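# Structural overview for review
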There are 2 protein chains.
Amino acid sequence: MMTEVEVDPEQRGGGAKEDSRPMEADGEDAMTRSADATLQVAMETEQNNELPVTPQKPLTGTVVVLGTNQKTASETLQRVRRWSISKYKATRQALSEKMGRGSRTVDLDLEPRLELLKDDRQRYSQVTRLAQTLSNQLAQFTVTQKTLGDAFTELSLKTPTLHVEFGVNAEAQKFLSKSGETLTMAINAFTSNLNTLINKTIEDTMINAKQYEAARIEYDAFRVDLEELNLGPRNTGTLPKLEQAQKNFQSQRERYQKVRDDLSVKVKLLEENKVKVLHNQLWLLHSAVAAHSTSCHRFLEHNIRQVDEHLSDAPSWLEES
Amino acid sequence: MMTEVEVDPEQRGGGAKEDSRPMEADGEDAMTRSADATLQVAMETEQNNELPVTPQKPLTGTVVVLGTNQKTASETLQRVRRWSISKYKATRQALSEKMGRGSRTVDLDLEPRLELLKDDRQRYSQVTRLAQTLSNQLAQFTVTQKTLGDAFTELSLKTPTLHVEFGVNAEAQKFLSKSGETLTMAINAFTSNLNTLINKTIEDTMINAKQYEAARIEYDAFRVDLEELNLGPRNTGTLPKLEQAQKNFQSQRERYQKVRDDLSVKVKLLEENKVKVLHNQLWLLHSAVAAHSTSCHRFLEHNIRQVDEHLSDAPSWLEES
């Protein structure tokens, strides 16, 4: 099911917000998009050159024809011409959208999902950065714990009257340090896997989303073309033009739908994969944190029990303190 | 029981090491010591002015006698003279010890205990600094945990498919953060109490140790004086001098022994107090660490149990993952 609609910029809610951005950034964005579109168009002309092309006026400029090119000069000229026209149309469409003129096709199913993905990516990045900070701080913390543990050990050996007290704290800090190192590694695995999700898996789909956007702009350009011709006067001179525009529109529409469907499948797979990866990673993180707490808790309980047994003849430290 | 011995610098193990220090620092140290000695001597002349003093040649200089002074000019002159002589003798003794000449009295019981205290103070300072670093790092760590917990909460609300997974991690990080804050406070209490022990309790005794050292130098100065006179020729001219030196020696010896006994009592009390304070603080530290681990362990276990109950209809996450 395809739920696309044409949106007039005057009626678009988000349009005004987007248009309020500084012109410079808009220009840059539009250039990137048109560059993407160009790439798409170039691929398009390669793939679909079996499509019927109506005769056009020859170009006035000259084109360098490479010796390895098997096609005739005329064919090459046609391809270059088509490429130029597509590029011009797409750029004009992108600019008119940016300027708040013209209309654009909006996929009401796919585009919100893409927006959600972009937002998720940003949030996951934030979480990953925080987890990385947590891991770095924990690593420093464990180093201090180890050093403190060693200092306690020295004092335990040097102070017979406080041998047990320094010793029990030395063991505690050293164990906590070791367990903390294991937790650091678990958090590092979490951040590493989340980074893969963000910078590889999601990013890969985002590249497809850009290609989809380029195809959408190109399709909209041909759609607007056809609409303008349909609004104009009809006579024997405009009829072939209209016919050609109709053909172009149909081929662009099919191409756009294909790119859209491919992206839709990819986004669905990503959504599922994302949930699976995060589900596992979040449980692993929680388990690692819980395992750290449990091991520390058990060690410290055992530590105190040992001391109590050791001091069973002497009055208990609990009674003393 | 007094276990003091006279030490010839040529036979002292530590003498060579001490003398290898730059002269400048030695001079400064000697000046400080002689200043301490001066203070002691001044106090001494106030307290013991009932002691018999043999007639001495009058001073050639003049002294300003204050109107509020009830004593005669002659008495004041005598006191100033005694003070000057004591000061001169103590400085000469301190310098000759520094230069590796002459002999000094060593208390074989007290002085090793003072050395041990100085060493302990240094080690406790190191442990306190490390504990302070640990506390600071833990404080930063808890802030990151809280921020991460908040980020997880947001994602939990925003992601229905991962509501439980984000939620359980959010709760975990927030609880760990709160418990960590409590542990931070406990470590801060530990460092604060250790700082009091180091900078107040031990420092107080160290000031007494400096006063003891000043009294010891003064005593040694009069002892060396007497020894030198005993080695010289005896006639009617030197006899009163010898008698006076004997008297001075006795009074200085009594004073030195009193200061020594006072310090010995103080050091013994400090040693006991130190053990008591450290015993309590070390158990409090260990208990705080153990309490943190136990509370985290219990919370995380409860956290997982709750999720399991919540998901009892759905397949367990343990089976899923």
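Quick caveat: nothing in here was measured; it's all calculated off a predicted structure. (Residues numbered from 1 in each chain as written. Chains lettered and ligands numbered in written order. Predicted model: local features only at pLDDT ≥ 70, side-chain atom pairs only at ≥ 80, totals over all residues. Heavy atoms only, no water.)

## Examining the relation of the copies chain A and chain B
Stated precisely, the cut-off is as follows: Only residues with pLDDT of at least 70 in both copies count here: their C-alpha atoms drive the least-squares fit that superposes the copies. Working rule for contacts: check all heavy atoms of both residues, and any pair within 4.5 Å makes them a contact.
Superposing chain A onto chain B requires a rotation of 180 degrees together with a translation of 0.1 Å along the rotation axis, leaving an RMSD of 0.2 Å. Classification of the inter-copy transformation places it as that of a two-fold axis. When each C-alpha of chain A is compared by its distance to the rotation axis, S293 of chain A comes out closest, at 2.8 Å. Mapped onto chain B, 100% of the interface residues of chain A again fall at the interface, so both copies present the same surface.

## Topic: the UniProt feature "coiled-coil region" (unreviewed entry) in chain A
Using the following cut-off: UniProt positions are given in the numbering used here, feature names are shortened, and annotations may be inferred rather than shown by experiment. Strands are runs of DSSP state E lasting at least 2 residues, helices are runs of H or I lasting at least 4, and numbering of each runs from the N terminus.
Mapped onto this numbering, the UniProt entry gives "coiled-coil region" (unreviewed entry) at residues 242–273 of chain A. Between the first and last C-alpha atoms of residues 242–273 of chain A the distance is 45 Å; the span itself is 100% helix and 0% strand.

## With respect to the interface of chain A and chain B
Inclusion rule: What gets called buried area is simply the loss in accessible area from a 1.4 Å probe that two parts show on being joined, summed for both. The salt bridge criterion pairs a side-chain nitrogen of Lys or Arg with a carboxyl oxygen of Asp or Glu, the two atoms within 4 Å. Here a polar contact is taken to be a pair of N or O atoms separated by no more than 3.5 Å, where protein atoms must pair a possible hydrogen donor with a possible acceptor and residues adjacent in sequence count only if both atoms sit in side chains. Residues are grouped as follows: Ala, Val, Leu, Ile, Met, Phe, Trp, Tyr, Cys and Pro are nonpolar; Asp, Glu, Lys and Arg are charged; every other residue, Gly included, is polar.
Each partner contributes residues to the interface: chain A has 57 residues there, and chain B has 57 residues. The junction of chain A with chain B conceals about 5300 Å² of combined surface from both sides, 73% of it contributed by carbon and sulfur atoms. It is F141, W283 and H286 of chain A that lose the most area in chain A upon contact with chain B, and together they represent 13% of the buried surface on that side. Viewed at the interface, chain B and chain A are joined by 6 salt bridges. Between D120 of chain A and K158 of chain B there is a salt bridge whose closest N-O contact spans 3.2 Å. Counting the contacts that link chain A with chain B gives 16 residue pairs in polar contact (both at pLDDT 80 or more). The set of elements that each furnish at least two residues to the side of chain A that touches chain B consists of α4 (110–158), α5 (163–231), α6 (238–310) and α7 (317–320) of chain A. Residue contributions to the side of chain A that touches chain B peak at 24 residues, all from α4 of chain A. For the side of chain A that touches chain B, the residue count by class is 31 nonpolar, 19 polar and 7 charged.

## Looking at the environment of T294 of chain B
Considering the arrangement of structural elements, one finds T294 of chain B in helix α6 (residues 239–310). For the pair formed by T294 of chain B and L231 of chain B, sequence separation is 63 residues and the distance between their alpha carbons is 75 Å.

## A few points about the pattern of salt bridges
On inspection of all chains with the given rule, the structure shows 46 salt bridges over all chains. One salt bridge in this structure joins E154 of chain B and R123 of chain A, with 2.7 Å as the shortest N-O distance. In this pair, E154 of chain B is assigned in helix α4 (residues 110–158) and R123 of chain A in helix α4, connecting two distinct chains. In this structure, a network of salt bridges that share partners links the residues D119, D120, R123 and K274 of chain A together with E154 and K158 of chain B.

## Let's talk about the packing of α6 of chain A against helix α5 (residues 163–231) of chain B
So the rule is basically this: Angles shown run from 0 to 180 degrees and are taken between the N-to-C directions of axes, each axis being a line fitted to C-alpha atoms and, for helices, limited to the stretch in contact. With respect to orientation, any angle under 35 degrees is reported as roughly parallel, any angle over 145 as roughly antiparallel, any angle of 65 to 115 as roughly perpendicular, and every other angle as oblique. Definitions for this section: a left-handed crossing has its near helix turned counterclockwise from the far helix by less than a right angle. A right-handed crossing has that turn clockwise.
Contact geometry for α6 of chain A and α5 of chain B: axes closest at 9 Å, N-to-C directions at 30 degrees. As the angle between them shows, α6 of chain A and α5 of chain B are arranged roughly parallel. Seen from above, α6 of chain A lies across α5 of chain B with left-handed handedness. Side by side, α6 of chain A and α5 of chain B meet where L278, H279, L282, W283, L285, H286, V289 and S293 of chain A of the first sit next to V164, E165, F166, V168, N169, A172, Q173 and L176 of chain B of the second. A per-class count over the contact of α6 of chain A with α5 of chain B returns 10 nonpolar, 5 polar and 1 charged.

## Examining the packing of α4 of chain B against α6 of chain B
Helix packing geometry: the angle between the two helix axes and the distance between the axes. Residue and element names in this part refer to chain B. Viewed as axis vectors pointing N to C, α4 and α6 meet at an angle of 35 degrees, and their least axial separation amounts to 11 Å. Note on packing geometry: the crossing formed by α4 with α6 is left-handed. Here α4 contributes L110, R113, L114, L117, D120 and Y124 to the contact with α6, which in turn contributes R260, L263, S264, V267, K268, L270, E271, K274 and L278. Of the residues assigned to the contact of α4 with α6, the class counts are 8 nonpolar, 1 polar and 6 charged.

## Some words on the nonpolar core
Inside soluble globular proteins, nonpolar side chains tend to come together where they are buried. Put simply, the test is: What is meant by a nonpolar core is a set of buried Ala, Val, Leu, Ile, Met, Phe, Trp, Tyr and Cys residues, joined one to another through side-chain atoms within 4.5 Å. Only protein chains enter the area calculation, which uses a 1.4 Å probe; residues under 20% of their type maximum are buried, those over 50% are exposed, and those in between are partly exposed.
Counting 97 residues, the largest nonpolar core has F152 of chain A together with F152 of chain B as its most contacted members. Within the residue set of this core, elements represented by two or more residues are α4, α5 and α6 of chain A together with α4, α5 and α6 of chain B. With 18 residues, the top contributor of residues to this core is α6 of chain A.

## Focus on the packing of aromatic side chains
Put simply, the rule reads: Working definition: a ring pair exists when centres of Phe, Tyr or Trp rings (six-membered ring for Trp) sit within 6.5 Å. Plane angles under 30 degrees give stacked, over 60 give edge-to-face, the rest tilted.
Per the stated rule, a full pass over the model turns up 13 aromatic pairs over all chains. Ring centres of F166 of chain A and Y124 of chain B lie 6.5 Å apart, and the angle between their planes is 25 degrees; this geometry places the pair in the stacked category. Of this pair, F166 of chain A sits in helix α5 while Y124 of chain B sits in helix α4, placing the two residues on different chains. In terms of burial, F166 of chain A and Y124 of chain B fall into one category: buried. Consider the rings of F175 of chain A and F299 of chain A, whose centres lie 4.1 Å apart with planes at 5 degrees: the pair is stacked. Remark: F299 of chain A occurs in helix α6 and F175 of chain A occurs in helix α5; sequence separation between them is 124 residues. Overall, the relative accessible area of 26% leaves F175 of chain A in the partly exposed class. Among the aromatic residues, those joined into a ring-pair cluster are Y212, Y219, F249 and Y256 of chain A.

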